[in-house]
Amino acid sequence: MAPAAGRGAGRWERRLYAAGSGVLAAVAALAVAELCAALVRPEARPVTAVGGAVIDRTPIAVKDWAIRTFGTADKLVLQIGILTLLTLFAVAVGLLALRSLRAGAAGAALFGVFGAVTAAGRPGGSAPDAVPSLVGGVAAVAVVVLLVRILHPAGRADRAAPATEAGGTTEHGVLSALDRRRFLRAASVAAAASAGSGLLGNRLLSTGDAEAEAARDSLTIPRPGDPAPPLPPGADLEIDGLAPFTTPNKDFYRVDTALRVPRLDATTWRMKIFGRGVERELELSYRDLLDRELIERDITLTCVSNQVGGPYVGNARWIGVALAPLLREAGVRPPSEGGAADQLVARSVEGMTLGSPVDTVMDGRDAMLAVGMNGEPLPFRNGFPVRMVVPGLYGYVSACKWLSELELTTFDDFDVYWVERDWAARGPIKTMSRIDTPRGFATIPAGTVPVAGVAWAQHTGIDGVEVRVDGGEWREARLAPAPGEDTWRQWVWEWEAEPGSHRLEVRATDSSGYTQTEERVGTVPDGATGWHSVVVTVD
Ligand SMILES: Nc1nc2c(c(=O)[nH]1)N[C@H]1C(S)=C(S)[C@@H](COP(=O)(O)O)O[C@H]1N2
Ligand SMILES: [Mo]
């Protein structure tokens with residue numbers, strides 16, 4: 001009886017150690033890759049690259065669901081998911097190695113190759129991006145082979161120490177105290193080496209980040225030659241719970257596919273303008289942009305993924321270079337004047353592409369290459385050093401962050417990133433209104449209650465907002481003034497609230513005379529419609 005029990009326990013101990021070896025191999029791979037990525041570029045980290053590739057391939061419905069469910073944490077959830085899968089794979093590789101070292105090594109190598117191919121194949125990726133994963137793969141193979149060898153009878157056979165049942169070193173036997181010690185010692189060395197290179201890599205990466213931050217902090221955006229007029233008095237109603245007229249940078253929404261925010265160096269940044277109908281290609285540095293006349297405008301940005309009542313909308317005071325004159329300088333004419341290109345494709349450093357209609361960009365609105373946001377250089381997460389902003393177009397068809405080039409082409413010839421993923425090629429912002437206060441499901445005291453929110457119809461303007469209670473008559477809300485047509489407007493309606501459960505609804509009418517439709521459609525493919533409503537309890 002005793003020997004059988006011992007053999008069973010021995011088998012489980014070996015399996016446990018083998019699984020642990022697999023996990024250690026994965027940790028070693030990521031740690032070594034971290035160090036290499038610090039030397040190549042942060043985007044080449046295997047988890048970042050694989051995560052990015054997953055984002056690129058995620059079906060639109062799933063992506064929409066993820067943004068809705070996890071909000072800005074969607075990327076964190078994705079990375080946790082990838083690490084969980086990697087751990088399972090690593091356990092499998094460790095167990096496989098116990099059966100056959102060669103197969104286990106191949107499994108570990110596969111991990112490296114997968115990361116390498118993914119990293120190099122990402123938009124904006126190149127051969128050097130494969131290096132961190134490849135070196136990580138080599139580390140994984142080494143760790144799994146060195147560790148599992150100790151557990152492995154075949155490994156001992158290699159070392160001319162034939163295993164026998166009597167020696168207790170076969171796959172089924174109990175691990176000898178000597179082997180257990182050797183294993184634990186080797187595992188500790190592997191763990192320590194991983195921790196060392198991981199921490200060093202991480203340190204180098206964060207030093208790079210700190211340097212980029214210091215460089216950004218030392219920049220000053222010149223005073224704009226064409227400043228924004230002061231906000232009309234009362235533009236901000238300053239009601240509790242109502243979104244402020246100007247969204248502070250720290251609260252500004254963020255939507256992009258970058259798992260790691262690019263931290264570019266403004267002093268080496270350059271962009272070019274080229275393509276169809278361009279008579280003189282332009283190449284511009286950050287300095288070149290700052291040396292031009294700068295315009296300053298209040299513009300409300302909105303994401304096409306914003307649900308009715310959603311948070312992906314914000315208003316900022318942008319400083320930048322007017323885009324249309326720049327395009328004219330390059331010899332570009334809009335299609336309405338016989339120009340050859342109808343699509344302006346903006347490309348970012350991470351390979352993202354966004355396409356705007358040339359006619360829209362050049363129709364006289366304040367389309368700009370923005371460098372400043374609310375009195376400071378663009379924050380990294382909002383596109384430092386330079387991004388596009390076009391009033392009236394959803395972000396996905398206009399607001400390219402971390403801009404690297406502008407290419408004139410046609411909608412027929414080129415599908416940009418989101419269009420390849422079933423979003424509409426053209427995305428004018430739909431007229432929308434939102435109730436900010438009272439919040440849905442709030443309990444409020446009876447009496448006079450300010451019902452307030454925001455409404456937007458960028459580049460058209462908001463003309464009226466109406467509120468109704470429990471499907472009753474529509475009541476005109478009071479509109480706060482706005483500096484122009486390109487921002488949202490706050491509104492408020494004083495409600496004599498009586499006890500009970502009530503449903504508040506809002507709808508806006510824009511300056512073209514259009515009143516928001518009640519019909520609810522989802523965000524895909526070109527933006528949500530419908531009236532925002534909240535249900536509240538009055539005590
Ligand atoms: N490089 C890059 N630019 C991008 C995106 C992106 O994924 N990558 N997302 C776009 C989308 S969908 C929107 S709504 C806006 C959001 O800008 P914000 O993050 O500054 O609010 O950026 C746009 N610009
Ligand atoms: Mo968006």
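Remember, predicted model here, so these are calculated numbers, not experimental data. Just so you know, the residues in each chain are numbered from 1, in the order the chain's sequence is written. Chain letters and ligand numbers both follow the written order, the letters beginning at A and the numbers at 1. Selection of residues for local features in this predicted model requires a pLDDT of at least 70, selection of side-chain atom pairs for listing and counting requires 80 or more, and totals for whole chains, interfaces and linings are taken over all residues. No hydrogens and no water enter the side-chain calculation; it runs on all heavy atoms of the structure.

1. Comments concerning the overall build of the protein
Then comes step 1: Only DSSP runs of H or I with at least four residues qualify as helices, and only runs of E with at least two residues qualify as strands; both kinds are numbered from the N terminus onward. Within the protein, the regular secondary structure consists of 12 helices and 19 strands.
Then comes step 2: Along the three orthogonal principal directions, the C-alpha set of the protein runs to about 90 × 65 × 45 Å.
Then comes step 3: Expressed as a percentage of the 539 residues in the protein, the buried residues total 54%.
Then comes step 4: Any two residues having at least one pair of non-hydrogen atoms within 4.5 Å are treated as being in contact. Long-range contacts, defined here as pairs at least 24 residues apart, represent 75% of the contacts in the protein between residues at least 6 apart.
Then comes step 5: Where accessible areas are quoted, they stem from the Shrake-Rupley method and a 1.4 Å probe; at the residue level, only the protein chains shown are allowed to cover. Taken as a whole, the protein presents about 23,400 Å² of accessible surface, with 58% of it coming from carbon and sulfur. Relative accessibility under 20% of the residue-type maximum defines a buried residue, over 50% an exposed one, and the middle range a partly exposed one, all with a 1.4 Å probe and only protein chains included.

2. Here we look at unusual backbone geometry
Then comes step 1: Residue P385 is reached from F384 by a cis peptide bond, and omega for that bond is 5°.
Then comes step 2: By secondary structure assignment, the location of P385 is in the loop between β8 (376–377) and β9 (387–389).
Then comes step 3: Cis geometry marks the peptide bond from T437 to P438; its omega dihedral reads 0°.
Then comes step 4: With phi around 50°, E238 is a residue other than glycine that occupies positive phi space.
Then comes step 5: By the element assignment, E238 lies in the loop between α8 (177–217) and β1 (270–275).
Then comes step 6: Of note in the backbone geometry, D422 takes a positive phi value of approximately 75° without being a glycine.
Then comes step 7: Here D422 lies in the loop between α12 (417–420) and β11 (432–437).

3. Quick word on the sheet that holds strand β6 (residues 353–357)
Then comes step 1: Between any two strands, at least two bridges found by DSSP are needed for them to pair. Across the sheet, five strands lie side by side as β2-β1-β10-β5-β6; this open sheet has mixed pairing. The open sheet terminates on both sides in strands that have one partner only, identified here as β2 (282–285) and β6. Taking the axes of each pair of neighbouring strands and ignoring which way they run, one obtains an average angle of 15° across the sheet.
Then comes step 2: As defined by bridge partners, strand β5 (residues 343–348) adjoins strand β10 (residues 403–409) across six bridges and the pair is classed as antiparallel. Residue pairing in the sheet places V345 in a bridge with E407 of β10. Axes here mean lines fitted to C-alpha atoms, for a helix over just the part in contact, with angles spanning 0 to 180 degrees between N-to-C directions.

4. Here's the deal with helix α6 (residues 131–151)
Then comes step 1: If you check α6, its first and last C-alpha atoms are 31 Å apart, about what 21 residues at 1.5 Å a residue would give, namely 30 Å.
Then comes step 2: Residues of α6 that are buried include every one of P132, S133, G136, G137, A139, A140, V143, V144, L147, V148, I150 and L151, and no others. The span one expects for a helix is its residue count, reduced by one, times 1.5 Å.

5. Side note on the UniProt feature "domain: Oxidoreductase molybdopterin-binding" (unreviewed entry) in the protein
Then comes step 1: UniProt positions are given in the numbering used here, feature names are shortened, and annotations may be inferred rather than shown by experiment. UniProt's feature table lists "domain: Oxidoreductase molybdopterin-binding" (unreviewed entry) at residues 259–412, given in the numbering used throughout.
Then comes step 2: Within residues 259–412, the helical portion is 11% and the strand portion 37%, while the C-alpha atoms at the span's ends are 30 Å from each other.

6. Some details on the site of ligand 1
Then comes step 1: Neighbouring residues are identified by heavy atoms, a residue being near a molecule or strand if any of them is within 4 Å of it. Neighbouring ligand 1 are 20 residues, the closest being Y253, N382, R387, A399 and K401.
Then comes step 2: Polar contact is the term for a pair of N or O atoms within 3.5 Å; when the atoms are in protein, one must be able to donate a hydrogen and the other to accept it, and sequence-neighboring residues count only if both atoms are side-chain atoms. Interatomic distance of 3.3 Å between a side-chain N/O atom of S348 and a nitrogen atom of ligand 1.
Then comes step 3: Taking 530 Å² as the accessible area of ligand 1 by itself, protein coverage stands at 99%.
Then comes step 4: As a working rule, the residues Ala, Val, Leu, Ile, Met, Phe, Trp, Tyr, Cys and Pro are called nonpolar, Asp, Glu, Lys and Arg charged, and the rest polar, with Gly in that last group. For the shell around ligand 1, the class distribution of residues is 11 nonpolar, four polar and five charged.

7. Looking at the packing of aromatic side chains
The relative placement of two aromatic rings is captured by the distance of their centres and the angle of their planes.
Then comes step 1: To pair, rings of Phe, Tyr and Trp, with the six-membered ring standing in for Trp, must have centres within 6.5 Å; the planes then decide the type, stacked if under 30 degrees apart, edge-to-face if over 60, and tilted in the middle. Going through the model one piece at a time under the given rule, you end up with 11 aromatic pairs.
Then comes step 2: Centre to centre, the rings of Y17 and F183 are 4.7 Å apart; their planes meet at 5°, and the pair counts as stacked. A residue pair is termed long-range when its members are at least 10 positions apart, and Y17 in helix α1 (residues 2–39) and F183 in helix α8 qualify at 166 residues. Assigned by exposure class, Y17 and F183 land together as buried.
Then comes step 3: Ring centres 5.1 Å apart and planes at 70° place the aromatic pair F380 and F384 in the edge-to-face group.
Then comes step 4: By relative accessible area, F380 is classed as buried at 8%.
Then comes step 5: Ring pairs connect the aromatic residues F252, Y253, Y312 and W318, which therefore count as one cluster.
Then comes step 6: Stacked on the ring of Y417, the Lys or Arg R421 has its end atom at 3.7 Å from the ring centre. In our convention, an over-ring charge means Lys NZ or Arg CZ found within 6 Å of a ring centre and within 35 degrees of that ring's normal.

8. Some thoughts on the state of the cysteines
Then comes step 1: In this description, a disulfide is simply a cysteine sulfur pair whose atoms lie within 2.5 Å. Taken as a whole and judged by the stated rule, the model has zero disulfides.
Then comes step 2: Left unpaired, C400 is separated from the closest cysteine sulfur, that of C303, by 14 Å.

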